[in-house]
Amino acid sequence: MGRVTQRRKVHKFVLDGSAQALEHPVRYREDFLAVEEPLEVRLGHMSFSVTMRTPGDDFDLVAGFLVSEGVIWDPAQLISLRFCAGEDENGVQTFNVVEAQLRPDVVLPETGRNVYTSSSCGICGTDSIEAVRKSSHFSPADDSLSVPVELLASLPDRLREAQAVFDKTGGVHAAGLFRITDDGEAELLCLREDVGRHNAVDKVVGWALREGLLPLRGTILQVSGRASFELVQKAALAGIPVLAAVSAPSSLAAELAQETGLTLVGFSRGTSLNVYAGSGRVRVPANF
């Protein structure tokens, strides 16, 4: 879709003291912004959620969100996804409403939650933290994955190299799903970008569900920002054994990782990293 980025004229103020800056301190130029638009998720004809997201991979986003909400965990439970009719003031289709048809035996979530997720905070309509402590159908604790620490530390750079939208805008988060190949290399299975870090993760999880890959045993989820409680929750519900973040985790994220048997890594920046839970999966060379 062509709505991932948007051109905008900006005034750029240059204050570096150079001769050119002194002569022309204000420049008029074009910049690219990451698009942010609402997406309404409907279950049949029932409105379930509205999230602010970057358009693109919307079916993956909806599928992943339903996994994260504990509604579905098997691709057979999701019969179809479709865009509903919706037009802007110019009569152009907006593609901002997605309807999911679920198998008749799927238990629908409560209709009164009015879940609203922003691009920054994720789930905001949940009444209490207990409401999002969902029991998973998959157990990361049972995963025997062992990850060399050098490989784990290399993943942020691998993620950054693949971020095409960030290269253009500097304004999106990324989530990348990796697996270790037979020859010990990290293979990037799926990368998604979005203004919301939780959306990027949902898009990866939704891709995996639709490909019939859940649970995601033997994989590593690398994210570009911090590791919040909800990202650990999303990873655990998808059966991902390792979640690594470039920035810090929250205390509740570390607590949930410990409870679910998930390995949680923070401040992973090439030359060092911190392991906050599940350090037994991180393999170090014999000379360490």
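Cut-offs applied
- Residues numbered from 1 in each chain as written.
- Predicted model: local features only at pLDDT ≥ 70, side-chain atom pairs only at ≥ 80, totals over all residues.
- Heavy atoms only, no water.
- Buried < 20%, exposed > 50% of the residue type's maximum accessible area, 1.4 Å probe, protein only.
- Helix = DSSP H or I, 4+ residues; strand = E, 2+ residues; numbered from the N terminus.
- Arc of directions from axis to C-beta.
- Contact = heavy atoms within 4.5 Å.
- Phe/Tyr/Trp six-rings, centres within 6.5 Å; stacked < 30°, edge-to-face > 60°.
- Axes fitted to C-alpha atoms, helices over the stretch in contact; angles between N-to-C directions.
- Parallel < 35°, antiparallel > 145°, perpendicular 65-115°, else oblique.
- Left-handed = near helix turned anticlockwise from the far one by under 90°.
- Nonpolar A, V, L, I, M, F, W, Y, C, P; charged D, E, K, R; others polar.

Colleague: Whenever I open this one, helix α7 (residues 251–260) confuses me. Can you help?
Modeller: Since there are 3.6 residues in each turn of an α-helix, residues three or four apart along the chain are aligned in direction. Buried within α7 are the following residues: Ala-253, Ala-254, Leu-256 and Ala-257. For α7, the angular spread of buried residues about the axis comes to 165°, placing them on one side. Projecting away from the buried face of α7 at angles above 90 degrees are the exposed residues Ser-251, Gln-258 and Glu-259. Packed against the buried residues of α7 are α6 (229–237), β14 (263–266) and β15 (274–277). Directly beyond the C-terminal end of α7, a positive phi value near 80° is found at Gly-261.

Colleague: Could you clarify how one ought to interpret the packing of aromatic side chains in this entry?
Modeller: Ring pairs (aromatic) are described by centroid distance and by the angle formed between their planes. Scanning the model with the defined rule gives three aromatic pairs in all. When the ring of Phe-48 is compared with that of Phe-65, the centres are 5.8 Å apart and the planes differ by 50°; the resulting orientation is tilted. With a gap of 17 residues between them, Phe-48 in strand β4 (residues 46–53) and Phe-65 in helix α2 (residues 58–68) connect regions that are remote in the sequence. The buried category is assigned to Phe-65, whose relative accessible area is 7%.

Colleague: Mind showing me how you'd approach the packing of α6 against α7 here?
Modeller: Axes are the key here: two packed helices are described by the angle between their axes and the distance separating the axes. Closest axis-to-axis distance for the α6/α7 pair is 7 Å, and the angle between their directions is 20°. One way to sum up the angle between α6 and α7 is to call them roughly parallel. Seen along the crossing, α6 lies across α7 with a hand that is right-handed. Of the residues in α7, those in contact with Phe-229, Val-232, Gln-233 and Ala-236 of α6 are Leu-252, Ala-253, Leu-256, Ala-257 and Thr-260. Residues that form the contact of α6 with α7 fall into these classes: seven nonpolar, two polar and no charged.

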